[in-house]
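Residue-level structure breakdown
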Amino acid sequence: MMNEVILSRLDELVGEYDTPYFKYLLYSYDLSLHDCEIIVSKIRNDISQDVISGDDNLVELLEEYFRGMCLEKEKRYKVEYLNYLIDAESEFYRKYLARYDVSPKDLDIIYSKVETLINEDNISDFEIKRCLEYYFSNAIKQDSYIRSLEMIVGRNYDALMVEKVKKENPNIYDRDIIQIANELYAEILDGKNFKSIKNAFFDKVMRKSEAKKAEAISKWESLVLGNGDSFNKLLENKHLTISDGEAINRNVRAMILNGLICADRINGSFLTKLCINYNSE
């Protein structure tokens, strides 16, 4: 019954596509009659599916649906404009893009990125041109960056430089190297400029290592300090003194800062084993 009431209200507003309000929508949003018919049909369907209820303001919803149709048409036009701009026969391509001689693979990547910007951010025609020039000009650099990164990490993340990094930073695992490499790949494909891929790689390794140390320190402190008197009781149970506990704490912190212990190892069982081993020394 409620759907019938809403549909009746919709009929009052649009009539046979000839009411003053409908004509206002038609001309205000500069849509074709066919576009408007599609919108009204979608609204009728949403009413029947209870997507629209009696609590909704139908006048505001009509405006919202019309704005949405305008936005979608605008984006479709811009995607068509993008296709025209990257056509090798277009004046824009010949004048501004052809000199970069990008590969078909790079062209697909560039197209996908600009299309995403259109669909997500509705960038202007001017921004479409600017993005194309920017991404095309960076495509050559990107090839160089990617080759440098592949030299650093190796085909299977097993290059000598990777082994050296893991030896100097024991808390850096294979999965960390893969994550860092993937981050750099993403930044390269996003058009970021680098003075040195090697330096960028080492910087990310250092930041990852320090972040893991901070995480481990936090988890350790929470374990020994954040559980009331449980650590002291554990010491007493294992026949250790407060001074012994302080020594254990210092040793663990030093090992964490040297990258020898990560947060994934720190738990109650780890702490108990430390006390047992310390007592047996």
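Per chain, the residues get numbers from 1 upward, laid out in the order the sequence is written. For this predicted model, a pLDDT threshold of at least 70 governs which residues receive local features, and a threshold of 80 or more governs which side-chain atom pairs are given and counted, while totals over whole chains, interfaces and linings are taken from all residues. Processing note: side-chain calculations cover all non-hydrogen atoms of the structure and skip hydrogens and water entirely.

**Quick notes on the nonpolar core**
Buried residues of nine kinds, namely Ala, Val, Leu, Ile, Met, Phe, Trp, Tyr and Cys, make up a nonpolar core once their side-chain atoms join them within 4.5 Å. Each residue is assigned to one of three classes by its accessible area relative to the maximum for its type, calculated with a 1.4 Å probe on protein chains only: buried under 20%, partly exposed between the two thresholds, exposed over 50%. Counting 22 residues, the largest nonpolar core has Leu10, Leu31, Ile39, Ile43, Leu62 and Phe66 as the members making the most contacts within it. Counting from the N terminus, the helices are the DSSP runs of H or I reaching at least four residues and the strands are the DSSP runs of E reaching at least two. Sort the elements by how many residues they give to this core and helix α4 (residues 58-85) lands first, with seven residues. Ignoring any residue separated from it by four or fewer positions in sequence, one finds Leu62 in contact with Leu10, Leu13, Tyr21, Leu25 and Ile43. In this structure, Val79, Phe92, Val102 and Ile128 belong to the second largest nonpolar core, which totals 20 residues. Any two residues whose heavy atoms approach within 4.5 Å at even a single point are treated as in contact.

**Examining the packing of helix α6 (residues 104-121) against helix α7 (residues 125-153)**
Each axis is a line fitted through C-alpha atoms, taken for helices only over the stretch in contact, and angles between the N-to-C directions span 0 to 180 degrees. Their axes nearest at 10 Å, the elements α6 and α7 cross at an angle of 145°. For the crossing formed where α6 meets α7, the hand is right-handed. Seen from α6, the contacting residues are Asp106, Leu107, Ile110, Lys113, Val114, Leu117 and Ile118; seen from α7, they are Ile128, Cys131, Leu132, Tyr135, Phe136, Ala139, Gln142 and Asp143. Residues are grouped as follows: nonpolar covers Ala, Val, Leu, Ile, Met, Phe, Trp, Tyr, Cys and Pro; charged covers Asp, Glu, Lys and Arg; every other residue, Gly included, is treated as polar. A class-by-class count of the residues in the contact of α6 with α7 yields eleven nonpolar, one polar and three charged. In this scheme the handedness of a crossing depends on how the near helix is turned from the far one: anticlockwise by less than a right angle means left-handed, clockwise means right-handed.

**As for helix α2 (residues 20-28)**
Taken as a whole, α2 has its buried residues at Tyr21, Phe22, Leu25 and Leu26. An end-on view of α2 places all buried positions within 140° of arc, on one side of the element. Exposed and facing more than 90 degrees away from the buried side of α2 are Pro20 and Tyr27. At the C-terminal side of α2, Asp30 shows a positive phi close to 55°. In this context, the arc is that of the directions from the helix axis out to the C-beta atoms.

**Description of the packing of α7 against helix α10 (residues 197-225)**
Look at α7 against α10: their axes get within 9 Å of each other, and the N-to-C directions meet at 50°. With respect to each other, α7 and α10 are oriented oblique. In the packing of α7 onto α10, the handedness of the crossing is right-handed. Of the residues in α10, those in contact with Tyr145, Ser148, Leu149, Ile152 and Val153 of α7 are Ile197, Lys198 and Phe201. Split into classes, the residues belonging to the contact of α7 with α10 amount to six nonpolar, one polar and one charged. By the definition adopted for this analysis, an angle is roughly parallel if under 35 degrees, roughly antiparallel if over 145, roughly perpendicular if from 65 to 115, and oblique otherwise.

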